[in-house]
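An overview of the molecular structure
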Amino acid sequence: MAEVLKVALVGIGKIARDQHVPAIRASADWILAATVSRQGRVDGVEAYTDIDRMLAERPEISVVSLCLPPVPRFAYARAALAAGRHVMLEKPPGATLAEVQMLRDLAGRKGLTLFATWHSRMASGVAAAKRWLSDKQVTRAHITWREDVRKWHPGQDWVFEPGGMGVFDPGINALSIITEILPMPIHLTGATLEYPENRQTPIAARLTFSDGVSADFDWRQQGPQTWDIEVETGEGVMVLHEGGNRLVIDGQEVPGSGAHEYPALYARMARLVRDKQSDVDVTPMIHLADALTLGRREMVAPFDF
Ligand code: NAP
């Protein structure tokens, strides 16, 4: 039987509690051996407030999983890699592309695993969508990603601070799926970004890409929430609903993989560590950076939680 891996979870907030802790606890591959968080803790698990102290006192913990927002995450990731630990990054993998490049190089030099996770790529319908599209000619594709920021990020002001990505925080999940399933590479050709006049990041974005691909992200959606990707081909239409978890081809439901996103991420991390591999794909972040570079900025009504 493979050795059980000890992991320290860093940044005990919404996603750590909602997804990481249950996924780790349900897996035979993993033991949650410590947490590092200024205030958060998990019952029954030794809690540190300082990453350097945890790294010094717990040499048997071989993996560090980082659930912090993107801006503070880099310093923690670099410290963990410098101390010889494998590292798993929440999405997006950094606040900037250069940071992620530096982490990838550091992990490579030290022979450690770095996994830049994209949880939406693990959604139940994504692999089947990718298989179906692999031999098709795509004529048009559209992403509709509309949700209520008050519901999903209650009071999280960091999403509207520089580096917080605004509506791209969920939108990058759609970009992670579309860059996984399309049979051809795409590049961004234009964007319109709506900034609340009291905020630093967009609350809505409309993107156009090469090859007839477009996206509509909006964080002001009330009522039903929409996370859909529709792809038209010469041989039919495919729609991924519910953030990649439901696949419909030409009106027919297609059974998914049954995978759950975070358990699948931890299973992949265990394999990467055992195989001494890394997985760092920054393609979704490149599109996000290009949107912020090319985007036309529009001011909209102030936003407060
Ligand atoms: P969060 O709850 O606001 O933050 C996670 C924790 O990070 C906080 O509880 C805080 O813990 C720590 N933290 C925050 N700012 C910090 C700072 N400046 N320095 C050090 N620690 C800091 O955020 P989240 O919603 O869990 O999101 C974290 C990451 O997961 C983001 O990249 C997000 O895109 C991703 N994600 C979130 C969701 C979701 O539904 N929320 C879903 C998928 C992925 P302490 O105060 O205890 O230090």
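Now for a look at the structure at hand. Quick caveat: nothing in here was measured; it's all calculated off a predicted structure. Residue numbering note: each chain is counted from 1, following its sequence as written. Predicted model: local features are reported for residues with pLDDT of at least 70 only, side-chain atom pairs are reported and counted for 80 or more only, and whole-chain, interface and lining totals are derived from all residues. For side-chain calculations, the full set of non-hydrogen atoms in the structure is used, while hydrogens and water are omitted.

**Quick word on unusual backbone geometry**
The linkage connecting Lys91 with the following residue, Pro92, adopts the cis geometry, with an omega of -15 degrees. The helix count covers DSSP runs of H or I at least four residues long, the strand count covers runs of E at least two residues long, and both are numbered beginning at the N terminus. Mapped onto the secondary structure, Pro92 falls in the loop between strand 5 (86–89) and helix 4 (97–110). Look at Met165: it is not a glycine, yet its phi comes out positive at around 80 degrees. Its location among the elements puts Met165 in the loop between helix 6 (149–152) and helix 7 (168–181). Among the residues examined, Met165 registers a relative accessible area of 8% and is labelled buried. A positive phi angle, near 55 degrees, is found at Glu242, a position not held by glycine. One can find Glu242 in the loop between strand 12 (236–241) and strand 13 (246–249). Working definition: with a 1.4 Å probe on protein chains only, accessible area under 20% of the residue-type maximum means buried, over 50% means exposed, and in between means partly exposed.

**Points about the packing of helix 1 (residues 14–25) against helix 8 (residues 261–274)**
How two helices sit against one another is set out by the angle between their axes and by the gap between those axes. To obtain an axis, a line is fitted to C-alpha atoms, over the contacting stretch when the element is a helix, and the angle between two such axes runs from 0 to 180 degrees between their N-to-C directions. The N-to-C vectors of helix 1 and helix 8 enclose an angle of 55 degrees; their axes lie 8 Å apart at closest approach. Taken as axis vectors, helix 1 and helix 8 run oblique relative to one another. Along this stretch, helix 1 crosses helix 8, giving a crossing that reads as right-handed. Facing Ile15, Gln19, His20, Ala23 and Ile24 of helix 1, the residues of helix 8 in contact are Tyr262, Pro263 and Tyr266. Grouping the amino acids of the contact of helix 1 with helix 8 by side-chain chemistry returns six nonpolar, two polar and no charged. Angular relationships are summarised with four words: roughly parallel below 35 degrees, roughly antiparallel beyond 145, roughly perpendicular across 65 to 115, and oblique for the angles in between. Should the near helix be turned counterclockwise from the far one by less than a right angle, the crossing is left-handed, whereas a clockwise turn marks it as right-handed. What makes two residues a contact is simply this: any of their non-hydrogen atoms within 4.5 Å. Throughout this entry, Asp, Glu, Lys and Arg are counted as charged residues, while Ala, Val, Leu, Ile, Met, Phe, Trp, Tyr, Cys and Pro are counted as nonpolar. The remaining residues, Gly among them, count as polar.

**What about the side chain of Ser65?**
One can find Ser65 in strand 4 (residues 63–66). Its relative accessible area of 1% is what places Ser65 among the buried residues. If sequence neighbours within four positions are ignored, Ser65 has contacts with Val7, Ala8, Leu9, Val10, His20, Met88 and Tyr266.

**Topic: the sheet that holds strand 6 (residues 114–116)**
Two strands form a pair only when DSSP identifies at least two bridges running between them. If you trace the six strands from one edge of the open sheet to the other, you get 3-2-1-4-5-6, paired in parallel fashion. The open sheet terminates on both sides in strands that have one partner only, identified here as strand 3 (47–48) and strand 6. With two bridges joining them, strand 2 (residues 30–36) and strand 3 adopt parallel strand pairing. From the neighbouring strand, Thr35 faces strand 3, where its bridge partner is Ala47. The strands touched by helix 3 (residues 70–82) are strand 1 (5–10), strand 4 and strand 5; relative to strand 5, the strand with the most contacts, the crossing angle is about 160 degrees. Helix-sheet contacts for helix 8 involve strand 1, strand 2, strand 4, strand 5 and strand 6, and the interaxial angle to strand 5 is about 155 degrees.

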